[in-house]
Amino acid sequence: MGERPYTILSCGMSLDGYLDAATNERLVLSNEADLERVDAVRAQCDAILVGAATVRNDNPRLLVRKPALRQQRMARGLRETPMKVTITEHAHLDACSRFFATGDSEKLVYCASRSVPIAHRRLGAVATVIDGGEPVDLTQMVRDLFDRGVRRLMVEGGGLVHTQFLTADLADELHLVVAPFFVGTSRAHRFVGDGAFPWNPRNRAHLAETRQIGDVVLLRYALSSRFAATC
Ligand SMILES: NC(=O)c1ccc[n+]([C@@H]2O[C@H](COP(=O)([O-])OP(=O)(O)OC[C@H]3O[C@@H](n4cnc5c(N)ncnc54)[C@H](OP(=O)(O)O)[C@@H]3O)[C@@H](O)[C@H]2O)c1
């Protein structure tokens with residue numbers, strides 16, 4: 001297998017395991033102190049990846065917010081903000097969305113083969129469109145990211161993307177933040193969908209850290225042997 005970036009999955013969920021509330025509005029699961037923590041993790045990464053549904057539903061900027069962290073990156077010869085990466089099958093993405101319109105970093109779109117022409121038309125001016133296969137093959141994608149210089153990758157959802165990284169055993173760490181409330185509808189998206197996960201009743205994941213951050217709790221799991229080397 002070719003090399004792949006050290007990969008951190010990061011996610012907030014409700015007490016009943018949901019990522020959103022099945023509405024058009026973004027659900028705030030984190031608190032300010034936890035957002036600062038996420039900002040610091042972002043600042044240490046070379047790229048941030050989200051699925052196309054998250055780009056559409058949440059319209060995230062995915063920038064490093066704190067000026068001191070941006071300056072530290074620039075002092076290390078890096079762009080202010082890590083590269084932004086998304087995956088899409090149908091390329092129904094808006095070039096004016098914040099994902100593409102904000103930040104000085106390169107934007108990559110890994111697109112299913114049949115939608116590459118439409119992705120070029122819609123996004124060619126604001127992003128690099130890459131034929132990722134049919135559907136996009138995540139193992140190939142992370143190797144390609146490594147070849148493009150990405151050594152540390154942060155995956156910020158949503159559920160379909162997390163499910164694929166976990167079931168393909170492509171994650172080294174999971175940062176799971178639990179918010180102190182229930183969503184209460186199965187129409188919402190869960191943290192992960194169905195799948196054969198490497199961590200199951202016969203193979204429990206290693207809980208490396210728990211941290212209370214105001215009214216939320218961070219659960220940090222080590223998912224690969226590469227984890228220890230980074231602590
Ligand atoms: N709480 C949190 O921390 C957090 C973080 C992020 C997102 N969210 C929430 O999660 C929800 C979205 O989650 P989600 O599971 O529906 O979607 P998602 O994982 O964000 O994106 C799924 C989409 O990504 C594309 N995709 C994923 N894997 C692909 C593959 N192998 N090949 C080709 N395309 C692929 C497809 O895009 P196309 O549809 O374009 O073809 C698919 O519909 C949003 O409501 C958001 O609010 C929460």
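The structure under discussion appears in the preceding block.
If you're wondering where the values come from, they're calculated on a predicted model, not measured in any experiment. The residue count restarts for each chain, going from 1 along the sequence in the order it is written. Given that this is a predicted model, residues contribute local features only at a pLDDT of at least 70 and side-chain atom pairs are listed and counted only at 80 or more, while totals for whole chains, interfaces and linings are drawn from all residues. As a convention, hydrogens and water are excluded, and side-chain values are obtained from all of the structure's heavy atoms.

1. Focus: the pattern of salt bridges
Where we set the bar: Salt bridge, as used here: a side-chain nitrogen of Lys or Arg that lies within 4 Å of a carboxyl oxygen of Asp or Glu. Elements are defined by DSSP. Helices are runs of H or I of four residues or more, strands are runs of E of two residues or more, and each kind is numbered from the N terminus.
Under the criterion given, the structure shown has 13 salt bridges. The shortest N-O distance in the salt bridge between glutamate 32 and arginine 65 comes to 3.1 Å. Of this pair, glutamate 32 sits in helix α1 (residues 32-43) while arginine 65 sits in the loop between α2 (52-58) and α3 (67-75), and the two are 33 residues apart along the sequence.

2. Concerning the sheet that holds strand β5 (residues 128-133)
Our working rule: Between any two strands, at least two bridges found by DSSP are needed for them to pair. Angles shown run from 0 to 180 degrees and are taken between the N-to-C directions of axes, each axis being a line fitted to C-alpha atoms and, for helices, limited to the stretch in contact. Residues count as neighbours in contact if any of their non-hydrogen atoms are within 4.5 Å of one another.
Taking strand neighbours across the sheet as the criterion, the nine strands line up as β5-β4-β3-β2-β6-β1-β7-β9-β8 in an open arrangement whose pairing is mixed. Because the sheet does not close on itself, it has two edges, and the strands there are β5 and β8 (206-213). Within the sheet, the average angular offset between the axes of one strand and its neighbour, ignoring direction, is 20°. Pairing of strand β1 (residues 6-13) with strand β7 (residues 173-178), which is carried by six bridges, proceeds in the parallel orientation. Bridge pairing links cysteine 11 to leucine 176 in β7. In the packing of helix α7 (residues 159-167) onto the sheet, contacts are made with β1, β2 (47-51), β3 (83-88) and β6 (152-155), and the angle to β1 comes to roughly 140°.

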